[in-house]
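# Results of the structural survey
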Amino acid sequence: MTTLHTDPLVADYLRRLDAAAAVLPPQRRAELVAEIREHVDEALRSTGPVDEVAVRNVLERLGPPDEIVDAAGDRTGLPPERGRVGVLEVVALLALLIPIVGWLVGSVLVLLSRTWTSPGAGSA
Amino acid sequence: MLALLRDAEQYGFELVRSLSEVDGLVTSEGTIYPLLTRLRRDQLVTTFWRESKSGPPRRYYQLTDAGRAALTDFTRDWARFRDGVDMLLGMEDRHDHSAH
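Let me sum up the structure you'll find in this document. Keep in mind the model is a prediction, meaning the values are calculated, not measured. (Residues numbered from 1 in each chain as written. Chains lettered and ligands numbered in written order. Predicted model: local features only at pLDDT ≥ 70, side-chain atom pairs only at ≥ 80, totals over all residues. Heavy atoms only, no water.)

## With respect to the overall build of chain A
Looking only at helices and strands, one finds 6 helices and 0 strands in chain A. Overall, chain A shows an N-to-C arrangement of helices and strands of α-α-α-α-α-α. Restricting the contact set of chain A to residue pairs at least 6 apart, pairs at least 24 apart contribute 60%. Accessible surface, chain A: about 6900 Å² in total, of which carbon and sulfur atoms supply 60%. (Helix = DSSP H or I, 4+ residues; strand = E, 2+ residues; numbered from the N terminus. Contact = heavy atoms within 4.5 Å. Areas by Shrake-Rupley, 256 points an atom, 1.4 Å probe, with all protein chains shown as cover.)

Shown next, in the form of structure tokens:
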């Protein structure tokens, strides 16, 4: 583990995330917190000087812990309805299909996200 | 082409950052992780770990055959949807013109 977790802002954020995630099954909860912790580490590794502004920006981009847990709670036990793949799911799949995820994919998908609405779509 | 598809893999962080660059799609990067977990659970993607020089091992995501099939389904549905909308817009257009 890196020393980045000793940053009080990060530690506080992860603590709040963990608390909010108490509604999830234990394994799911642990996995989610680990993923987010790893994301913070990776993000701060790539930003250069790790100062308070950098940390706050990373946490800001991650979003409120409650929102993340809400997203994790969606459809946990229900099978996806046929044909009802949310916009964000499609974007994620497309991003994996096309190695170059750039402006080309992005502009196509902006169009998709504006005209396709589905309850499964993320927080957009 | 198949080789391209096979190699199209990204690790969590870079995938999340790529998605967050699509304007207007994501407001909270953290919510993408549960989404990826759902894709994994629904077996549309698969993951594997790979060593990283700059830190701990990273989890990489890759499409499964089911994932590609889901995209194909979506593309087909989308084409129908888009054609339907275009047709309606075309009718709307003609109506506007005839009313003026």
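What follows continues from the structure just given.
## A word on the side chain of Ser20(B)
Following the sequence through the fold, Ser20(B) ends up in helix α2 (residues 12–20). For Ser20(B), a relative accessible area of 18% translates into the label buried. A polar atom in the side chain of Ser20(B) sits 3.2 Å from the side chain of Arg61(A). At 2.9 Å, the side chain of Ser20(B) and the backbone oxygen of Arg17(B) are in polar contact. With near-sequence residues (within four places) excluded, Ser20(B) lies in contact with Arg61(A), Val26(B) and Glu29(B). (Buried < 20%, exposed > 50% of the residue type's maximum accessible area, 1.4 Å probe, protein only. Polar contact = N/O pair within 3.5 Å; in protein donor to acceptor, adjacent residues only side chain to side chain.)

## Structural notes on the pairing of strand β2 (residues 45–52) of chain B
Residue and element names in this part refer to chain B. Here β2 pairs with strand β3 (residues 55–63) via 7 bridges, running antiparallel. From the neighbouring strand, Phe48 faces β3, where its bridge partner is Tyr60. What sits between the antiparallel neighbours β2 and β3 is a turn of 2 residues. (Pairing = 2+ DSSP bridges.)

## Here's the deal with the packing of aromatic side chains
Residues and elements named next belong to chain B. Within this structure, the stated rule accounts for 4 aromatic pairs over all chains. Ring plane angle 35° and centroid distance 5.6 Å describe the contact between Trp78 and Phe81, whose orientation is recorded as tilted. On the criterion of helical spacing, the pair formed by Trp78 and Phe81 is a turn pair, its members being 3 residues apart in helix α4 (residues 65–99). Through a chain of ring-to-ring contacts, three or more aromatic side chains come together here, namely Tyr11, Phe48 and Tyr60. Positioned above the aromatic ring of Tyr60, the side-chain terminus of Arg50 is 4.6 Å from the ring centre. Sitting over the face of the ring of Tyr11, Arg58 holds its NZ or CZ atom 4.0 Å from the ring centroid. (Phe/Tyr/Trp six-rings, centres within 6.5 Å; stacked < 30°, edge-to-face > 60°. Lys NZ or Arg CZ within 6 Å of the ring centre and 35° of its normal.)

## Thoughts on unusual backbone geometry
You will see that Gln43(B), though not glycine, has its phi angle at about 60°, which is positive. With respect to the helices and strands, the residue Gln43(B) is situated in the loop between α3 (32–41) and β2.

## Looking at the nonpolar core
In terms of nonpolar packing, the biggest core is built from 52 residues, with Ile36(A), Leu93(A), Leu36(B) and Leu39(B) touching the most fellow members. For this core, the leading source of residues is helix α5 (residues 87–97) of chain A, giving 9 residues. With sequence-adjacent residues up to four places away left out, Leu39(B) is seen in contact with Glu89(A), Ala92(A), Leu93(A), Leu44(B) and Val45(B). (Core = buried A, V, L, I, M, F, W, Y, C linked by side-chain atoms within 4.5 Å.)

## Comments concerning the packing of helix α1 (residues 8–20) of chain A against helix α2 (residues 26–47) of chain A
Residue and element names in this part refer to chain A. Close contact between α1 and α2 brings their axes to 10 Å; oriented N to C, the two are set at 160°. Judged on the interaxial angle alone, α2 and α1 are roughly antiparallel. The chirality of how α1 crosses α2 is right-handed. Contacts from Val10, Tyr13, Leu14, Leu17, Asp18 and Ala19 in α1 reach Arg29, Val33, Ile36, Arg37 and Val40 in α2. (Axes fitted to C-alpha atoms, helices over the stretch in contact; angles between N-to-C directions. Parallel < 35°, antiparallel > 145°, perpendicular 65-115°, else oblique. Left-handed = near helix turned anticlockwise from the far one by under 90°.)

## Describing the sheet that holds β2(B)
Residue and element names in this part refer to chain B. Within the open sheet, the 3 strands sit side by side as β1-β3-β2. Their pairing is antiparallel. Two strands lie at the open edges of the sheet, namely β1 (9–11) and β2, each paired on one side alone. Across the sheet, the axes of successive neighbouring strands diverge by a mean angle of 30°, strand direction being ignored. Summarising the sheet, β1 and β3 pair through 3 bridges and their orientation is antiparallel. The residue bridging Gln10 from the neighbouring strand is Tyr61, located in β3.

Functional significance is not addressed by these values, which are geometric in nature.
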